[in-house]
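# Geometric and topological summary
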Amino acid sequence: MALIWDLLGGKAKAGLILSTMGYGLATNSKYQTLIQEAGINLIANTLARAEFQTFLNGKEYKGTNYYIFNVEANQNTSSSSFWTEVIKKLLVNGEALILLQDEHLYLADSFIKTEYAFMNNKYSEITIGDYNLKDTWDESKVLYLKHDRRRAISAINSIHGDFSKLISSSIKGYQNSKARKGKLKIPTNLPKELEAEGALQEHLRQSMKEFMDPSKDAVFPEEDGFEYTELTESKGSKSNDSGRETKNFINDMFDFIAITLGIPPSLLKGDTVNTKDAVNNLMTFCINPLAKLIADEINRKMYGMQEYLNGSYVKVDTSNIKAVDLRDIANSIDLLNRNGALTIDDTLRTLGKEPLGGDVGAMRFITKNLETLENVLKGEG
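This write-up is about the structure you can find in this document. Along each chain, residue indices are assigned from 1 in the same order as the chain's sequence is written. Confidence filtering applies because this is a predicted model: local features only for residues at pLDDT of at least 70, side-chain atom pairs given and counted only at 80 or more, and all residues used for totals across whole chains, interfaces and linings. The basis for every side-chain value is the complete set of non-hydrogen atoms in the structure, without hydrogens or water.

This brings us to unusual backbone geometry. One non-glycine residue, Asn57, lies in the positive phi region at around 55 degrees. Each helix corresponds to a stretch of at least 4 residues labelled H or I by DSSP, and each strand to a stretch of at least 2 residues labelled E; elements are numbered beginning at the N terminus. The residue Asn57 is located in the loop between β2 (51-56) and β3 (59-60) in this model.

Laid out in structure tokens, this is it:
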């Protein structure tokens, strides 16, 4: 007795020599690549919306640094595109090197870092695109960002290897549950014209081609001695179970990779339930730490301790990244305004509008029904 799918697939040999064959499940990286790329793009595109606020002697000031951080990183790249690429390289490679030259920022594609204990590190064999830099750069002339995720990536790769097999197995199970199966009884006394090598196989392929086509209604031409029996199974529940199983395995991969990147899994999967809480967690545990990493490196390299202590520094402001509904923040803005916590310009920035600037924009307000405790105790309130 021969298996009809083997005969139609060209695996059986004439003379009814059948063999049992096992196939290893292929492991591929398409799911891992898709999920990681989605996560990295989410983080990079989110952080690229942040504003680099520059301060001079304690007051916000827009000068050259503000321009290169927020508008044009260099003559070939806008700042938003530049920071997007920086974050992608940082998350993928665990490190990123930015060269400071002529009031421009350049992202290195590759480099070799030589570390020292009591002197500045050195960077050599730097490439930017197809251009190779022959000189060696000192630590003080670059911004070096490190976000080492090698152990996490190694763990994810190991987990993906296991889940890839499970996903492939569940997909195979789903396909098998949908496939049409049957058995064909073949007589021992075959006609002479079918005894030649491959003749039986070709005969069955041609005679059953129309019958096995799922898009057509057909009748099996049963010949003398040939008996075809359909193998009837409960396919519906099996196929549904396999489909759900596949989806669950892929969802698990989303969860593992999202947690590794610091992203709430629901955001990475596009779920809309509890989006507000998920966005807050994204900002708190993923975006803000990266923003501080960048700000700290800029402040220590481009400003230094003395300028920083005197109030000249950079702040990566992520407060305006989230889209806000005026109805959701109206009460909060009113409360913060009447207590002097926000200036007029602070409020305008929160609303995504252009600040007024000058003394008017810096004005603060306090409602008259509030008084200091000292004045109340003195009877002046």
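Centres within 6.5 Å are what make two rings of Phe, Tyr or Trp a pair, Trp counting through its six-membered ring; a difference in plane orientation under 30 degrees is then read as stacked, over 60 as edge-to-face, and the rest as tilted. Under the counting rule described, the total for this entry stands at 9 aromatic pairs. Look at Phe52 and Trp83: their rings are 4.8 Å apart centre to centre, the planes differ by 20 degrees, and that puts the pair in the stacked class. In this pair, Phe52 is assigned in strand β2 and Trp83 in helix α4 (residues 79-93), connecting sequence segments 31 residues apart. Throughout, exposure labels follow a simple rule: accessible area from a 1.4 Å probe, protein chains only, divided by the maximum for the residue type, with under 20% read as buried, over 50% as exposed, and the rest as partly exposed. When its relative accessible area of 3% is taken as the criterion, Phe52 is described as buried. Ring plane angle 65 degrees and centroid distance 6.0 Å describe the contact between Phe111 and Tyr123, whose orientation is recorded as edge-to-face. Pair noted here: Phe111 is in strand β8 (residues 110-114) and Tyr123 is in strand β9 (residues 122-128), with a separation of 12 residues, a long-range link.

The next point concerns helix α9 (residues 275-309). The span expected for a helix works out to 1.5 Å for each residue beyond the first. Relative to the 51 Å expected for 35 residues at 1.5 Å per residue, α9 spans just 39 Å between its end C-alpha atoms, considerably shorter than the ideal helical length. Two axes enter the bend calculation: one fitted to the seven residues ending at the residue in question, the other to the seven starting there, and the bend is the angle between them. Largest kink in α9: about 100 degrees, centred on Tyr303. The positive-phi residue at the C-terminal boundary of α9 is Gly311, with phi of around 95 degrees.

Backbone-to-backbone hydrogen bonds join strands into a sheet, with any given pair of strands oriented parallel or antiparallel. The antiparallel open sheet is built from 3 strands, whose spatial order is β7-β6-β12. Of all the strands in the sheet, just β7 (104-107) and β12 (142-146) have a single pairing partner and so form its edges. Each strand axis lies, on average, 20 degrees off the axis of its neighbour in the sheet, ignoring direction. One bridge is not enough; two strands pair if DSSP finds at least two bridges between them. Alignment of strand β6 (residues 95-101) against β12, held across 5 bridges, turns out to be antiparallel. Bridging from a neighbouring strand, Ile98 pairs with Leu143 of β12. The strands that α4 touches are β6, β7 and β12; relative to β6, the one it contacts most, it runs at about 140 degrees. Here, residues are in contact when the closest pair of their heavy atoms is within 4.5 Å. Lines fitted to C-alpha atoms define the axes, with helix axes restricted to the stretch in contact, and inter-axis angles between N-to-C directions lie between 0 and 180 degrees. Contacting β6 and β12, α9 crosses the sheet at an angle of about 150 degrees to β12.

Only one face of strand β13 (residues 182-185) is covered, namely the one carrying Gly182 and Leu184; the face carrying Lys183 and Lys185 has none of its residues buried. Where β13 lies against strand β14 (residues 227-230), 4 bridges are found, and the strand directions are antiparallel. From the neighbouring strand, Gly182 faces β14, where its bridge partner is Glu230.

What follows concerns the nonpolar core. Ranked by internal contacts, the top residues of the largest apolar core, which has 45 residues, are Ile43, Trp83, Ile98 and Ile298. Examining the composition of this core, we find that 10 residues originate from one element, α9, more than from any other. If we ignore the near neighbours within four places in the chain, the residues touching Ile43 are Ile87, Leu91, Leu261, Ile263, Cys286, Ile287 and Leu290. If you look at the next biggest cluster of nonpolar residues, it comprises 10 residues, including Ala108, Phe111, Ile126 and Val142. Within this scheme, the nonpolar core is defined by two criteria: the residues are buried Ala, Val, Leu, Ile, Met, Phe, Trp, Tyr or Cys, and they are joined through side-chain atoms within 4.5 Å.

Before going further, it helps to examine helix α2 (residues 30-47). Taking 1.5 Å as the rise per residue, α2 with 18 residues should run 26 Å; its terminal C-alpha atoms sit 26 Å apart, in good agreement. Among all positions of α2, only Tyr31, Gln32, Ile35, Gly39, Ile40, Ile43, Ala44, Thr46 and Leu47 are buried.

Glancing now at the layout of surface pockets. Using a probe with the size of a water molecule, rolled over the atoms, empty space left in the structure can be pinpointed. If you add up the space inside the second largest pocket, you get close to 730 Å³. Here a cavity means grid points, on a 1 Å grid over the protein atoms only, where a 1.4 Å probe fits yet cannot get out; a pocket means an open set of points with protein on both sides within 12 Å along at least five of seven lines; lining residues are those with an atom within 4 Å of a point. Along its surface, the second largest pocket is lined by 27 residues, and Glu60, Thr343, Asp345, Asp346 and Arg349 are the ones closest to its centre. Put simply, the parts of the chain that give the lining of the second largest pocket at least two residues each are β2, β3, β15 (313-317), α10 (326-338), α11 (344-350) and α12 (358-361). For this scheme, ten residues count as nonpolar: Ala, Val, Leu, Ile, Met, Phe, Trp, Tyr, Cys and Pro. Four count as charged, namely Asp, Glu, Lys and Arg, and the remainder, Gly too, count as polar. Across the lining of the second largest pocket, the residue classes tally to 8 nonpolar, 9 polar and 10 charged. Grid points are joined across faces, edges and corners, and a volume is the space filled by probe spheres set on the points.

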